[in-house]
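A closer look at the structure
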Protein chains: 2
Amino acid sequence: MNDKKRIKLVVAYDGTNYCGWQIQTNGPTIEEELNKALTHLLGEEIHVIGASRTDAGVHSLGNVCVFDTETNIPAEKICYAVNMGLPEDIAVQESCEVDPGWHPRKCESTKTYEYRILNRPIPLPTRRADTYFYYGDLDIEAMRKAAKLMEGTHDFASFCSSGSAAESTVRTVYSCEILTDGDLITVRVSGSGFLYNMVRIMVGTLLLVGSGQLAPEDIPRIIEARDRSGAGPTAPAKGLTMIGISFEK
Amino acid sequence: MNDKKRIKLVVAYDGTNYCGWQIQTNGPTIEEELNKALTHLLGEEIHVIGASRTDAGVHSLGNVCVFDTETNIPAEKICYAVNMGLPEDIAVQESCEVDPGWHPRKCESTKTYEYRILNRPIPLPTRRADTYFYYGDLDIEAMRKAAKLMEGTHDFASFCSSGSAAESTVRTVYSCEILTDGDLITVRVSGSGFLYNMVRIMVGTLLLVGSGQLAPEDIPRIIEARDRSGAGPTAPAKGLTMIGISFEK
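Given the structure is predicted, the values throughout are model-derived calculations rather than measurements.

Quick word on the interface of chain B and chain A
Across the contact, 22 residues belong to chain B and 23 residues belong to chain A. Of the roughly 1800 Å² buried where chain B meets chain A, counting both sides, 61% is carbon and sulfur surface. Taken together, the links from chain B to chain A amount to four salt bridges. The shortest N-O distance in the salt bridge between Asp14(A) and Arg128(B) comes to 2.9 Å. Counting the contacts that link chain B with chain A gives eight residue pairs in polar contact (both at pLDDT 80 or more). Broken down by element, the side of chain B that touches chain A gets its largest block of residues, four residues, from strand β4 (residues 90-98) of chain B. Per-class residue counts for the side of chain B that touches chain A are 13 nonpolar, four polar and five charged.

Focus on the packing of helix α3 (residues 140-150) of chain B against helix α4 (residues 198-210) of chain B
Residues and elements named next belong to chain B. At a minimum axis distance of 8 Å, the contact between α3 and α4 shows a crossing angle of 140°. As α3 packs across α4, the resulting crossing turns out to be right-handed. Contact residues: Ala142, Met143, Ala146, Ala147 and Met150 in α3; Met202, Thr205, Leu206, Leu207, Val209 and Gly210 in α4.

Examining the relation of the copies chain B and chain A
Once chain B is rotated about the relating axis by 180° and shifted along it by 0.0 Å, it coincides with chain A to within an RMSD of 0.0 Å. A rotation of that kind, with that shift, is consistent with a two-fold axis. Looking at the interface residues of chain B, 100% of them are also at the interface in chain A, so both copies use one shared face.

Here's the deal with the pairing of strand β10 (residues 240-247) of chain A
Regular strands place their side chains on alternate faces of the sheet. All names here are of chain A. For β10, a buried count of six out of eight residues is recorded, marking the element as mostly surrounded by other parts of the structure. In the sheet, strand β3 (residues 59-69) pairs with β10 via two bridges, with the strands oriented parallel. When the sheet's bridge partners are listed, histidine 59 is paired in β10 with threonine 241. Relative to β10, strand β5 (residues 109-119) runs antiparallel, the two being bridged by seven bridges. Residue serine 109 lies in a different strand from β10, and its bridge partner there is phenylalanine 247.

Some words on unusual backbone geometry
Residues and elements named next belong to chain B. The phi angle at asparagine 197 is positive, at roughly 65°, despite the residue not being glycine. Following the sequence through the fold, asparagine 197 ends up in the loop between β9 (184-191) and α4. For asparagine 197, a relative accessible area of 13% gives the class buried. Phi is positive for arginine 226, close to 50°, though the residue is something other than glycine. The topology assignment puts arginine 226 in the loop between α5 (218-225) and β10 (240-247).

Cut-off values and rules
Residues numbered from 1 in each chain as written. Chains lettered and ligands numbered in written order. Predicted model: local features only at pLDDT ≥ 70, side-chain atom pairs only at ≥ 80, totals over all residues. Heavy atoms only, no water. Contact = heavy atoms within 4.5 Å. Buried area = accessible area lost by both parts, 1.4 Å probe. Salt bridge = Lys/Arg side-chain N within 4 Å of Asp/Glu carboxyl O. Polar contact = N/O pair within 3.5 Å; in protein donor to acceptor, adjacent residues only side chain to side chain. Helix = DSSP H or I, 4+ residues; strand = E, 2+ residues; numbered from the N terminus. Nonpolar A, V, L, I, M, F, W, Y, C, P; charged D, E, K, R; others polar. Axes fitted to C-alpha atoms, helices over the stretch in contact; angles between N-to-C directions. Left-handed = near helix turned anticlockwise from the far one by under 90°. Least-squares fit on C-alpha atoms with pLDDT ≥ 70 in both. Buried < 20%, exposed > 50% of the residue type's maximum accessible area, 1.4 Å probe, protein only. Pairing = 2+ DSSP bridges.

Right, dumping it as structure tokens:
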């Protein structure tokens, strides 16, 4: 018998047809598909541990997970082998060996998300799966000011859906930028971690600022209130993509 | 009874779930969905006439069609009204009135297509519907030279699938450019018109150049041969998007 080694995977997926990352009884999940494909490939029962439990419908270019295995397959080749057994809406981008004790939720990291808003009069069918269609006028400069005021270390309780198990609601947002490319508006957020639905509530709030229902100056008051009802609605899942996670060494 | 007026539509679609533009017996088509939605909306039997009969799986941002109607709905509002009755993978972008005799296949026009190649080691699930995944190394400069040699007025019989009903195989390619953005390679082609599968065969041939199986200098010989077997394979439909059509006044 070989010693167990710990393998880290970087995983991309189109979340459209999944009930999110975490295994549940009411439908297919990314975690479940990975466990099935890895168990079949390696001939051992595999249970991956994910870095980020993305919601139903959220996409990823680089979520991270680890698992332990006795396999002799070189760590760097596992990504190619497991992809052959995965559905086409999930693809492992990288695989490598890490220290046996390394846990992706128990170390410092920076997570980056992008939320894409398609701002035009009529929907575009080719972008319906990965953008949120919004036809009203948006004041991008006001959204930029509001986004800037969300940066920093704050108690983000106002930006957290109920049902969260988080002990503390303090998080650090390193940057929150608004990028535009024609009719595509991208909200790019990096932080030490995010509460349940936090990025989607930040975006829902920025849309209220863009449409003039809130002013950028309202943001500090909304944060300070520590009350979910003061922030905007939770923007739809399909506009959100986890871009990647970088870990401190 | 009102006089009949002719309406022009600009139509965007995700072609993934369709057997192409033109009505056929073996599955749903864009033309059929438009006829159904317009007939239902206007209470008259509508048959659209399309500018370009895109293949199964090909996408569009701006295909064009016309139809005749007695409706009192202002021409510019028809796009919003018909979209409510269309599936979410088809959306009319614009509607306007044109001269009663105007026919989108019987006037001079410039058609623009883009073919997207995702050139990286591992597929990306979020781009699987609108790009062709190609993992081998590609020599972009060689592809650019070859693309340049495809421009101009030529007999493109070598770039036409059998089964075409075209009387002449002479066409003018105004431009054929290779654009890159990270791991995305876009072949952008504009021309007076294209033969059956012509853009996809041009791309299949450019990929042979990119991979070193053909040299850019082979292109004039391939064109001159007027023989389909000399050109490359037909690249998969899903990488192709009709960008739009501009008509001479």
